[in-house]
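Each chain, written out:
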Amino acid sequence: MAQNREQWGSRIGFILAAAGSAVGLGNIWKFPYTTGANGGGAFLLIYLFFVVLIGFSVMLGEFALGRKTSLAAAGAFKAVGKSYTFIGVLGVLSAFLIMGFYPVVGGWAVAYIFKSVSGLLAAPDMIGGVFDGFVTASVEPLIWTAVFLIMNMVIVGKGVAGGIETAGKFLMPILFIILIVIAGYGFTLPNAIEGVKFLFIPDFSKVTGGTFLAALGQAFFSLSLGMGAMVTYGSYLGKDTKLASNAAIVTTLDTLVAVLAGLAMFPAMFSFGMEPAAGPGLVFVVVPQVFSHFGPALGPVFSALFFIALTVAALTSSVSLLEVAASYFIDEKGMKRTTSVILVSAVMAVLSVLSSLSLGVMSEFKILGAGVFDVLDLLTDKIYLSLGGALLCFVLGWVMKKEDLKAEISNQGTMPFALFEFWYFIIKFIAPIAILIVAYFGITSAPQMGLMIAGIAIMVLLGIFSRKL
Ligand code: TRP
């Protein structure tokens, strides 16, 4: 099987695709409003700490496991031991759950490309109302969600090297440039420095147990960790590729884009006297509002460019989520790629419809106090990804042999990784303990504690029945 596996066309192609998976709505939609809601600088500091200490190490661990086994998530864990299969299956479940709301927001981004250039910015006072009206409607957002999902199916259906890599190669650099242009423009505005201060000067009075779990969840979500995506990507890597430097590059790129998105957002917001804690609608309300101050010619162009970037970022991420789920049925159940992609997308489409409707006509329907959209977001971001990461650390640090990991990460000793011992210590002790502590305090202080505990119960059940998977 290993010999026949498709491989990445080039190293840069892999980095762009893996960075494309990491950089997404998490960086541009979620990061700014989560940072805003958690008080700015202090949240950023905790987030960066988790990214460097835990994020990088877990990413390297996922690459190593994937390449060592040459198998996608579930198969890779199964190869370590049958009782660990459920960790991979949990990842597949996470992929389904994330893809139960991701295409909805991806669809909004596509819609806002068109809205930007068709009069949205002409009436700045209406922009907030337009967003609320749009996302709570029953039909229009579903059409855009469908457009977004179909784009995914086409890219993933074409296969690894052909589809994902080509998309990443062209779309990622475009995203980077657009964000720099927007941030650069924002800096020239009066009072912009206040936004920079908000982002970089920590105010620890705003920090709670929830802040730490939010930062940890954001790190896992943004880096595409804790669910086997990077295991799957690693499984397509050539044996001579240096894993540690790839993990470092992807982690750095992802973090740069998140900070860049913050820099594109906060200075302009402060300049126009807007609230940083605006919530999930932030990007869709604030960005057009900000750009409406740019005048009738420039404004729509800037706004459309921004939402093209957001769509691009979302697409290169969602294709890898789809890939995690699709490759499970291809590798583990012997399904044809096309069949698998169609089957998996159909489930994601149903969940996405429910998510989208939960913001409107179905808003009364709650599962343990939360609507469908929030349930899917909460379970993955706050529970499954970080606990999935802890389980991965457990397997790497306590089940697999240290020498095997050392051989894999150093390419059989030909390219030694100087920090191996340090990395191993983090994986074996620091990361799993830190994750469990943060999760404990975050969950016990959360208003949706019941839902989170139910989510953990599902995880435990998966573990118990793992031998049948
Ligand atoms: N990292 C992606 C983003 O920031 C979202 C994501 C989470 C993801 N887990 C993933 C993407 C797994 C691909 C694979 O938007």
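Nothing here was measured: the structure is a model prediction, and the numbers come from that model. (Residues numbered from 1 in each chain as written. Predicted model: local features only at pLDDT ≥ 70, side-chain atom pairs only at ≥ 80, totals over all residues. Heavy atoms only, no water.)

## Description of the environment of Leu368
Put simply, the rule reads: The way it works is that DSSP assigns letters per residue, a run of H or I at least four long becomes a helix, a run of E at least two long becomes a strand, and they are numbered from the N terminus. Categorising residues by exposure relies on relative accessible area from a 1.4 Å probe, with only protein chains included: less than 20% of the type maximum marks a residue as buried, more than 50% marks it as exposed, and the intermediate range marks it as partly exposed. In this analysis, two residues are considered to be in contact whenever any of their non-hydrogen atoms come within 4.5 Å of each other.
In this structure, Leu368 sits in the loop between α16 (337-358) and α17 (372-399). Leu368 sits in the exposed class, given a relative accessible area of 53%. Along the sequence, Leu368 and Ala454 sit 86 residues apart, while their C-alpha atoms lie 8.9 Å from each other. Leaving out residues up to four positions away in the same chain, Leu368 has contacts with Gly450, Leu451 and Ala454.

## Quick look at the site of the ligand
Condition: Note on terminology: near, applied to a residue and a molecule or strand, indicates that one of the residue's heavy atoms is within 4 Å of it. Under this definition, polar contacts are N or O atom pairs within 3.5 Å; protein pairs additionally need one hydrogen-donor-capable and one acceptor-capable atom, and for neighbouring residues in sequence, both atoms have to be side-chain atoms. Values of accessible area rely on a 1.4 Å probe in the Shrake-Rupley scheme; residue burial ignores everything except the protein chains shown. The definitions used throughout rest on a 1 Å grid laid over the protein atoms alone, on which a cavity is an enclosed set of points accommodating a 1.4 Å probe that cannot get out and a pocket is an open set flanked by protein within 12 Å on both sides along at least five of seven lines; lining residues are those having an atom within 4 Å of a point. A pocket or cavity is taken to hold a molecule when more than half of that molecule's atoms are within 2 Å of the pocket's grid points. Amino acids outside the nonpolar list (Ala, Val, Leu, Ile, Met, Phe, Trp, Tyr, Cys, Pro) and the charged list (Asp, Glu, Lys, Arg) are all regarded as polar, and Gly is one of them.
Residues in contact with the ligand amount to 16 residues; listed here are only the nearest, Ala22, Gly26, Tyr102, Phe221 and Ser320. With respect to the ligand, the backbone of Ser21 contributes an N or O atom lying 3.3 Å from a nitrogen atom. Take Tyr102: an N or O atom from its side chain is 2.5 Å from an oxygen atom of the ligand. Protein contact buries 100% of the 360 Å² of open area that the ligand shows by itself. In this structure the site holding the ligand corresponds to the largest cavity. Of all elements in the fold, only α1 (11-22), α2 (25-37), α11 (209-222) and α15 (298-333) reach the threshold of two or more residues within the shell around the ligand. By residue class, the composition of the shell around the ligand is 8 nonpolar, 8 polar and no charged.

## Description of the nonpolar core
Across soluble globular proteins, you tend to see nonpolar side chains buried next to one another. In plain terms, the rule: To define a nonpolar core, start from buried Ala, Val, Leu, Ile, Met, Phe, Trp, Tyr and Cys residues and group those joined through side-chain atoms within 4.5 Å.
Counting residues in hydrophobic clusters, the biggest one holds 168 residues, and the most contacted among them are Trp108, Phe284, Phe306 and Trp423. Every residue in contact with Phe284, bar those within four places of it in the chain, is listed here: Trp29, Val105, Trp108, Ala109, Tyr112, Ile127, Phe131, Phe307 and Leu310.

## Points about α16
Where we set the bar: To estimate how far a helix should reach, multiply one less than its number of residues by 1.5 Å.
For α16, which comprises 22 residues, the first-to-last C-alpha distance of 31 Å matches the rise-based estimate of 32 Å (1.5 Å per residue) to within 8%. Buried residues of α16: Arg337, Ser340, Val341, Val344, Ser345, Met348, Ser352, Ser355, Ser356, Leu357 and Ser358, and no others.

## A short note on helix α13 (residues 243-271)
Between its first and last C-alpha, α13 extends 42 Å over 29 residues, near the 42 Å set by a 1.5 Å rise per residue. Of the residues trailing α13, Gly273 is marked for its positive phi of about 70 degrees.

## Observations regarding a nonpolar patch on the surface
Applied cut-off: Only residues whose relative accessible area exceeds 30% and that take part in no salt bridge are eligible for patches, with like-charged residues grouped when within 9 Å of each other and nonpolar side chains (Val, Leu, Ile, Met, Phe, Trp, Tyr) grouped when within 5 Å. For salt bridges, the criterion is a side-chain nitrogen of Lys or Arg within 4 Å of an Asp or Glu carboxyl oxygen.
Together, Phe394, Trp398, Phe425, Phe429, Ile430, Ile433, Ile437, Tyr440 and Phe441 line one region of the surface with nonpolar side chains, adding up to about 900 Å² of accessible area. Where the nonpolar patch is concerned, the elements lending two or more residues are α17 and α19 (420-444). Considering each element in turn, the nonpolar patch owes the most residues, 7 residues, to α19. Tracing the backbone shows Phe441 in helix α19.

## Some words on the packing of aromatic side chains
Put simply, the rule reads: For Phe, Tyr and Trp, rings pair up if their centres lie within 6.5 Å, where Trp contributes its six-membered ring, and each pair is then called stacked (planes under 30 degrees apart), edge-to-face (over 60) or tilted (otherwise). For a Lys NZ or an Arg CZ to count as sitting over a ring, it must be within 6 Å of the ring centre and within 35 degrees of the ring normal.
If you walk through the whole model with that rule in mind, you get 33 aromatic pairs. Pairing Phe49 with Phe50 gives two aromatic rings, centres 6.1 Å apart and planes at 45 degrees, and the pair type is tilted. The class of Phe49 is exposed, set by a relative accessible area of 52%. Relative accessible area serves as the criterion here: at 5%, Phe50 is assigned to the buried category. Taking 5.4 Å as the distance between ring centres and 85 degrees as the angle between the ring planes, the aromatic pair formed by Trp108 and Phe131 counts as edge-to-face. Note that Trp108 is positioned in helix α6 (residues 102-116) and Phe131 in helix α7 (residues 127-136), a separation of 23 residues in sequence. Overall, the relative accessible area of 3% leaves Trp108 in the buried class. We classify Phe131 as buried; its relative accessible area is 6%. Against the face of Phe221 rests Lys30, its NZ or CZ located 5.2 Å from the ring centre. The lysine or arginine in question, Lys115, covers the ring of Phe134, its NZ or CZ lying 4.5 Å from the ring centre.

## A short note on the layout of surface pockets
Our working rule: Grid points are joined across faces, edges and corners, and a volume is the space filled by probe spheres set on the points.
Approximately 690 Å³ is the volume attributed to the largest pocket. Lining the largest pocket are 31 residues, with Tyr33, Pro280, Asp377, Lys382 and Gln448 sitting closest to its centre. Secondary structure elements with two or more residues in the lining of the largest pocket: α2, α7, α11 and α17. The biggest single contributor to the lining of the largest pocket is α17, with 6 residues. Its residues assigned to classes, the lining of the largest pocket shows 15 nonpolar, 10 polar and 6 charged. Forming the walls of the second largest pocket are 14 residues, and the residues nearest its centre are Val52, Leu53, Phe56, Ser57 and Phe422. Mapped by element, the contributors of at least two residues to the lining of the second largest pocket are α3 (41-69), α13 and α19. Element by element, the count of residues in the lining of the second largest pocket is highest for α3, at 6 residues. Residue composition of the lining of the second largest pocket, by class: 10 nonpolar, 4 polar and no charged.

## Some remarks on empty space enclosed by the protein
By the definition in use, this model includes 3 cavities of 30 Å³ or more. What the largest cavity holds in volume is close to 140 Å³. What lines the largest cavity is a set of 17 residues, among which Ser21, Phe221, Ser224, Ser317 and Leu321 lie closest to the centre. Of all the elements in the fold, those that place two or more residues in the lining of the largest cavity are α1, α2, α11 and α15.

Don't take any of this as a statement about function, it's just geometry.
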